[in-house]
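# Structural features, examined
Single-letter residue listing:
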Amino acid sequence: MNFSSVSFSSGMHTSISEILKEKSLKPSRRSLPCLAQSQTHPTNLNHFLSVPLSPEPKPEVEGLSQTRILTLARTKTYCTSGTLSCFLPDGKDHFVEESEHTEKQSFVLDKTLLFQRKKPTDSSGLFFRDGKKRIDYILVYKKLSPQVEKRCTFEKNLRAEGLMLEKEPSLTNNDIMFVKIHATWDTLCKYAEQMNIRMPFRKKCYFTDWKSKTLGRCRQIKSWLPRNPMKLDKEALPDLEETDCYTAPFSRARMHHFTINNRETFFSNSTRSRIVHHVLQRTKYEDGKSKMGINRLLGNNTYEAAFPPHEGGYKSRHSIKTHGAQNHRHLLYERWARWGMWYKYQPLDLIRRYFGEKIGLYFAWLGWYTGMLIPAALVGVFVFLYGLLTMDASQISKEICEANTTIMCPMCEENCEPWTLSDSCVYAKVTYLFDNGGTVFFAIFMAIWATVFLEFWKRRRAELTYDWDLIDWEEEEEELRPQFEAKYSRMERVNPISGKPEPFQPFSDKLSRLMVSVSGIFFMISLVLTAVFAVVVFRLIAMEKFASFNWYFVKKNWQFATSGTGVCINFMIIMSLNVVYEKVAYLLTNLEHPRTESEWENSFALKMFLFQFVNLNSSTFYIAFFLGRFAGRPGKYNKLFSRWRLEECHPSGCLIDLCLQMGVIMFFKQIWNNFMELGYPLLQNWWSRRKMKKGGGGGQNVENKAQLPQWDKDWNLQPMNAHGLVDEYLEMVLQFGFTTIFVAAFPLAPLLALLNNIIEIRLDAYKFVTQWRRPMPARATDIGIWHGILEGIGVLAVITNAFVIAITSDYIPRFVYAFKYGPCVNKRHHHGNECLQGYVNSSLSVFDMGELNNRNHSGYCRYRDYRAPPWNTVPYEFTLQFWHVLAARLAFIIVFEHLVFGIKSFIAYLIPDMPKDLCDRMRREKYLMQEMMYEAELEHLQKERKKNGKRYHHEWP
């Protein structure tokens, strides 16, 4: 007799029990692809993962003592094997924590059960002790935890919900206990119906004949073409074959409509874990409406962790090509997470089946974004190469490098000396690399690219939601957060969609909490601006020190030294404040009490984006639009606090400062993020393995990690981030901002982003498969609020690039000089270099150094501005050229924005959000589903009528 098994409920619907007793129908050729029914086990695992139905399961352990069984039978105390409690004959449930002696005895028995049972080694730790019940979830707690009563009540209520529990001590830490959870067939069916989980329908219908012929001809043509090296080999990956089964929300009353060949594999592992997580979230541990959910138990340390187990190891001694994959995790590692697969397409269907739709959508979006970066990176490289090849022919660089007699005004008023313009020759040439004729073209191209990227992502997302049965999920199955239900359980209103009563947050309460949250956001943003102001002050102090430095090399390149040290200090401040922002955003989001998990995640993501975007880009905005704009002129410089003189731009412009700021922050931030994503978990897991080998937890000294059961291996891995995918999306969205917002100043940004994302995909894949515990498979229909943020960044990018070209770069001053003041004014044909002769001299004004009252300085010096000379009747006033340049800048901003926004809107209008063939397929599927449901119900009624010999009425909505 198996004491750890629970019999199926006898209260099932009559038609269900009869259907289950019938022999499974022989599948037709048309329905063969549907028999996969969400099971995606590798071929060599089917012999032990597909467990046949058996009304009388075999005993757990062949060698179990018969004396123990007889003793249990006499006392009529039926104990769930390895669980915390026993059900006594008086009908009451008494929960007493097991003693250390009992646990040590069970520990010896557990080792025998784990390592002496004749089962495949790669399935160790995936089942209960009987070898049949699959582990769907793992709970971890410490034996010395004082929350015994809460844990006992919680586990009793879990059994009442139909879950089966079994306890196992850890082999690496004597203080750790694992609670294995298995969901029975009745429980899975009950909650699958409540959660509206869509399951494969029994019948299948292909396309029309003409479309099948067309697809067949296309496949023949493709077979003649050379094979794409980026595609995965489907022969080696049978799991990637699409089933194209029609699905419908599961219903126990209509169970005969679904293809149920094996109850053990009808619900996939990710679906089973999601159902168990749903139960864990809504099970009480104390009396009272607010005392429920595994999240609260994790928060008060009743349990240390809760996670679904991985499906085995991710490495094998044998080659996957010859022996096949051991499990899905091994398959994902070999065909996705290995660094050698960096050039291959991602197996999105397999990722979705193992990690859930939410994580699958993230990797789909990341792959799409990376692929779209390829044309942007190529165009950026061409623009950079154009500047590199034409650098020596630049008229402005030539004039600066040959200006040996042009004396520039001192950069500070005390210890600085006048300097010659030719000293900044290298500076001028580097500036031309990023400020040339291709800058405007590249800015327009990137604005259009951002629109095309988002519009085509909508189409790709529509295809994925259709293939993954997510079309109607959001409206029907969005669940309330347990914390929201507990907080507002006394206030209810009727849901206008479902018509059922549900907890309700009053508007006054919501508004007050939102105001507090907004105040916190503004406070943190003001803190960011304060940090930027501190960096500005540092730059002003460093400018004077480096300009009067004793070392000639530093004194000569004082602008590079000032910008470089300012960027490095700014980067350290950015990374330090990010830690504070995360905690503040978490507290403010919980204070708002969002209604659903998606609302909580969207609110938290928006706060994190606002904090980090302002933190990351505030100094960049200062350099782009404020640096050198309010410096004043020699003899009348503007000073901060009447002490530090404001910075000036170089004679060749401030664009190189902006480029340096973007390059340093983007490069170092990507390195830091990659280290924190992979390096930090690797170090933590290495330390855990080191402690495990030494027996640091008081457990057994385990030399071979392969001997550990799967739950022990997973416990020693790192948990997924507490905020889910927010950190992953945030990193990529901030990178998207850097790639588009100031791309006119740094055309190599798309290339750096592309190289980083190629690494990022495999790094994230390796992290999810090997370094992290398996996250709870969650569902999602889109990337959430991030899509709206990306659209906002696309609009902001058009505005900022217009201002960068018009104000930060020298494109407009050069343009005005060439057509208004240059040597080509009266000529019909304009050649770039010829028309810019004398531009540098025209852009520099004259100052009389005798006005400084400094005996060491006399004569005239030049400075960057459009002002009248000192011998003019109105000295140092703005010239007419200044107003012409200003008017041209404003006109360019207006024309550029209207032109680009018009092109963006036109492209968005031309590209529909959903492909036409997908709309046709969805309409046809809806029609065929109604027909098939009607035919299946008719067939079922006819069978019932023949069995009973009378008219049988079956409920049909």
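All figures in this text were calculated on a predicted structure; none of them were measured in a lab. Every chain begins its residue count from 1, and numbering advances along the sequence as written. Local features in this predicted model are restricted to residues of pLDDT 70 or higher, and side-chain atom pairs are both shown and tallied only at a pLDDT of 80 or more, whereas totals for entire chains, interfaces and linings draw on every residue. Side-chain metrics rest on all non-hydrogen atoms present in the structure, leaving aside hydrogens and water.

It is worth spelling out the overall build of the protein at this point. Helical segments are the DSSP runs of H or I of at least four residues, strand segments are the runs of E of at least two, and each set is numbered from the N terminus. Looking only at helices and strands, the protein has 33 helices and 19 strands in total. Burial classification: accessible surface area is computed with a 1.4 Å probe over protein chains only, and a residue below 20% of its type maximum counts as buried, one above 50% as exposed, and the rest as partly exposed. Burial analysis of the protein (957 residues in total) assigns 50% to the buried set. Residues count as neighbours in contact if any of their non-hydrogen atoms are within 4.5 Å of one another. Contacts spanning at least 24 positions in sequence make up 75% of the contacts within the protein whose residues lie at least 6 apart. Put simply, the protein shows about 46700 Å² of open surface, and 58% of that area lies on carbon and sulfur atoms. Surface accessibility follows the Shrake-Rupley procedure with a 1.4 Å probe radius. Residue values consider only the protein chains on display as shielding.

For the rest of this paragraph, the subject is the packing of aromatic side chains. By convention here, two paired aromatic rings are described through the distance between centres and the angle between planes. Geometry of aromatic contacts follows a simple scheme: Phe, Tyr and Trp rings, the Trp one being its six-membered ring, pair when their centres are within 6.5 Å, and the pair is stacked under 30 degrees between planes, edge-to-face over 60, tilted otherwise. As enumerated under the stated definition, the model contains 53 aromatic pairs in all. An angle of 55° between the planes, with centres 5.7 Å apart, marks the rings of Trp-365 and Tyr-729 as tilted. A residue pair is termed long-range when its members are at least 10 positions apart, and Trp-365 in helix H14 (residues 357-389) and Tyr-729 in helix H26 (residues 726-740) qualify at 364 residues. With respect to class, Trp-365 is no different from Tyr-729; both count as buried. A ring is considered to have a charge above it if a Lys NZ or an Arg CZ atom is located within 6 Å of its centre and within 35 degrees of its normal. The ring centre of Tyr-141 lies 3.8 Å from the NZ or CZ of Arg-151, which sits over that ring.

The next thing to look at is the sheet that holds strand E6 (residues 176-183). For two strands to be treated as a pair, DSSP must find no fewer than two bridges joining them. Judged by pairing direction, the sheet is antiparallel, and its four strands sit side by side in the order E5-E6-E4-E9 without closing on themselves. A single partner strand is all that each edge strand has here, and the edge strands are strand E5 (163-169) and strand E9 (305-307). Put simply, the sheet's adjacent strands are angled 20° from each other on average, direction ignored. Relative to E6, strand E4 (residues 137-142) runs antiparallel, the two being bridged by six bridges. Across the sheet, the residue bridging to Leu-139 is Val-179, located in E6. Between N-to-C directions, angles cover 0 to 180 degrees, with each direction set by a line fitted to C-alpha atoms, over the stretch in contact for helices.

Of all seven residues in E5, seven are buried; the element is thus mostly enclosed. Here E5 shows a buried face lined by Leu-163, Leu-165, Lys-167 and Pro-169 and a second buried face lined by Met-164, Glu-166 and Glu-168. Here seven bridges tie E5 to E6, and the two strands are oriented antiparallel to one another. Bridged to Glu-166 within E6 is Lys-180. Here E5 folds back onto E6, and the loop between the two strands holds six residues.

On to the state of the cysteines. Disulfides are defined in this document as cysteine sulfur pairs within 2.5 Å. All told, the structure shown has three disulfides when counted by the stated rule. Covalent S-S linkage joins Cys-824 and Cys-835, the inter-sulfur distance amounting to 2.2 Å. A torsion of -100° about the S-S bond marks the disulfide between Cys-824 and Cys-835 as left-handed. Residue Cys-824 is located in the loop between helix H29 (811-821) and helix H30 (832-835), and its partner Cys-835 is located in helix H30; the two are separated by eleven residues in the primary sequence. Taken individually, Cys-824 and Cys-835 each receive the classification buried, so the pair is uniform in this respect.

A few words on unusual backbone geometry. Phi at Asn-196 is positive, roughly 55°, even though this residue is not glycine. Looking at the element boundaries, Asn-196 is found in the loop between helix H6 (185-194) and strand E7 (198-200). Look at Asn-196 and you get partly exposed, because its relative accessible area is 25%. The phi dihedral of His-593 falls on the positive side, at around 55°, and the residue is not glycine. Inspection of the secondary structure assignment puts His-593 in the loop between helix H22 (558-592) and helix H23 (597-625).

Residue position: Arg-329 is located in helix H12 (residues 328-337). Charge counting treats Lys and Arg as positive and Asp and Glu as negative, with His and both chain ends excluded. What makes a salt bridge here is a side-chain nitrogen of Lys or Arg within 4 Å of a carboxyl oxygen of Asp or Glu, nothing more. Here Arg-329 sits buried without a salt bridge, and the closest side chain of opposite charge, Asp-714, lies 4.5 Å off (N-O distance). A 3.5 Å cut-off defines polar contacts: any pair of N or O atoms within that distance qualifies, except that in protein one atom must be a possible hydrogen donor and the other a possible acceptor, and neighbouring residues in sequence count only when both atoms are side-chain atoms. Within the structure, the side chain of Arg-329 is placed 2.8 Å from the backbone oxygen of Val-769, a separation counted as a polar contact. In this structure, Arg-329 is in contact with His-310, Gly-312, Gly-313, Tyr-314, Tyr-354, Gln-710, Leu-717, Val-769 and Thr-770, ignoring residues within four places of it in sequence.

The next subject is the UniProt feature "transmembrane region" (unreviewed entry) in the protein. In this numbering, the UniProt entry assigns the feature "transmembrane region" (unreviewed entry) to residues 362-389, 439-457, 514-538, 558-581, 609-632, 733-755, 783-807 and 886-911. Secondary structure across residues 514-538 comprises 100% helix and 0% strand; the distance between its end C-alpha atoms is 36 Å. Annotated as 65% helix and 0% strand, the span residues 733-755 places its first and last C-alpha atoms 16 Å apart. UniProt positions are given in the numbering used here, feature names are shortened, and annotations may be inferred rather than shown by experiment.

A word on the pairing of E4. The side chains of a regular strand alternate, residue by residue, between the two faces of the sheet. The element E4 is extensively covered by neighbouring structure, given that five of its six residues are classed as buried. Pairing geometry for E4 and E9, over three bridges, is antiparallel. When the bridges of E9 are listed, Ile-138 appears paired with Phe-307.

As a further point, take a nonpolar patch on the surface. On the surface, Ile-374, Leu-378, Phe-382, Leu-385, Leu-388 and Leu-389 cluster together to form a nonpolar patch covering roughly 610 Å² of accessible area. By the secondary structure assignment, Leu-388 is in helix H14. Only residues whose relative accessible area exceeds 30% and that form no salt bridge enter a patch; like-charged residues are grouped when within 9 Å of one another, and nonpolar side chains (Val, Leu, Ile, Met, Phe, Trp, Tyr) when within 5 Å.

Let us look at the nonpolar core. Counting 148 residues, the largest nonpolar core has Phe-355, Trp-365, Tyr-369, Trp-449, Phe-609, Leu-658 and Trp-786 as the members making the most contacts within it. Examining the composition of this core, we find that 15 residues originate from one element, H14, more than from any other. Take the buried residues of types Ala, Val, Leu, Ile, Met, Phe, Trp, Tyr and Cys, join any two whose side-chain atoms come within 4.5 Å, and each joined set is a nonpolar core. Membership of the second largest hydrophobic core comes to 41 residues, among which are Ile-197, Tyr-246, Tyr-285 and Leu-928.

Packing of H12 against helix H27 (residues 749-771) leaves a shortest axis separation of 10 Å and a crossing angle of 165°. Taken together, H12 and H27 sit at an angle that is classed as roughly antiparallel. Two packed elements cross with a definite hand, and for H12 against H27 that hand is left-handed. For the pair H12 and H27, the contacting residues are Arg-329, Leu-332, Tyr-333, Trp-336 and Ala-337 in the first and Arg-762, Ala-765, Tyr-766, Val-769 and Thr-770 in the second. Each angle receives one of four descriptions, namely roughly parallel if under 35 degrees, roughly antiparallel if over 145, roughly perpendicular if within 65 to 115, and oblique otherwise. Definitions for this section: a left-handed crossing has its near helix turned counterclockwise from the far helix by less than a right angle. A right-handed crossing has that turn clockwise.

For the structure shown, the criterion picks out 26 salt bridges. The salt bridge involving Glu-601 is made with Lys-358; its shortest N-O contact spans 2.4 Å. Placement of Glu-601 in helix H23 and of Lys-358 in helix H14 is noted, with a sequence separation of 243 residues between them. Judged by its relative accessible area of 17%, Glu-601 is buried.

A few words on H6. Counted residue by residue, H6 has seven buried out of ten residues, so it is predominantly covered. Where H6 is concerned, the buried positions are Trp-185, Asp-186, Thr-187, Leu-188, Cys-189, Tyr-191 and Ala-192. Backbone geometry just after H6 places Asn-196 at a positive phi near 55°.

Glancing now at the confidence of the model for the protein. Each residue carries a pLDDT value, the predictor's own confidence for that position, ranging from 0 to 100. Model confidence for the protein is summarised by a mean pLDDT of 76, while 75% of its residues fall at 70 or above. Below pLDDT 50 for its whole length, residues 1-123 participates in 192 contacts with residues either more than four positions away or in separate chains. Predicted confidence for residues 206-210 stays below pLDDT 50, and this span has seven contacts to residues more than four positions away or in other chains.

Moving on: the packing of H14 against helix H16 (residues 425-434). Orientation of H14 relative to H16, taken along the N-to-C sense of each, is 145°, at an axis distance of 7 Å. H16 is crossed by H14, and the crossing has right-handed handedness. Here Phe-384, Gly-387 and Leu-388 of H14 lie close against H16, whose contacting residues are Tyr-432, Leu-433 and Phe-434. For the contact of H14 with H16, a count of residues per class yields five nonpolar, one polar and no charged. Amino acids outside the nonpolar list (Ala, Val, Leu, Ile, Met, Phe, Trp, Tyr, Cys, Pro) and the charged list (Asp, Glu, Lys, Arg) are all regarded as polar, and Gly is one of them.

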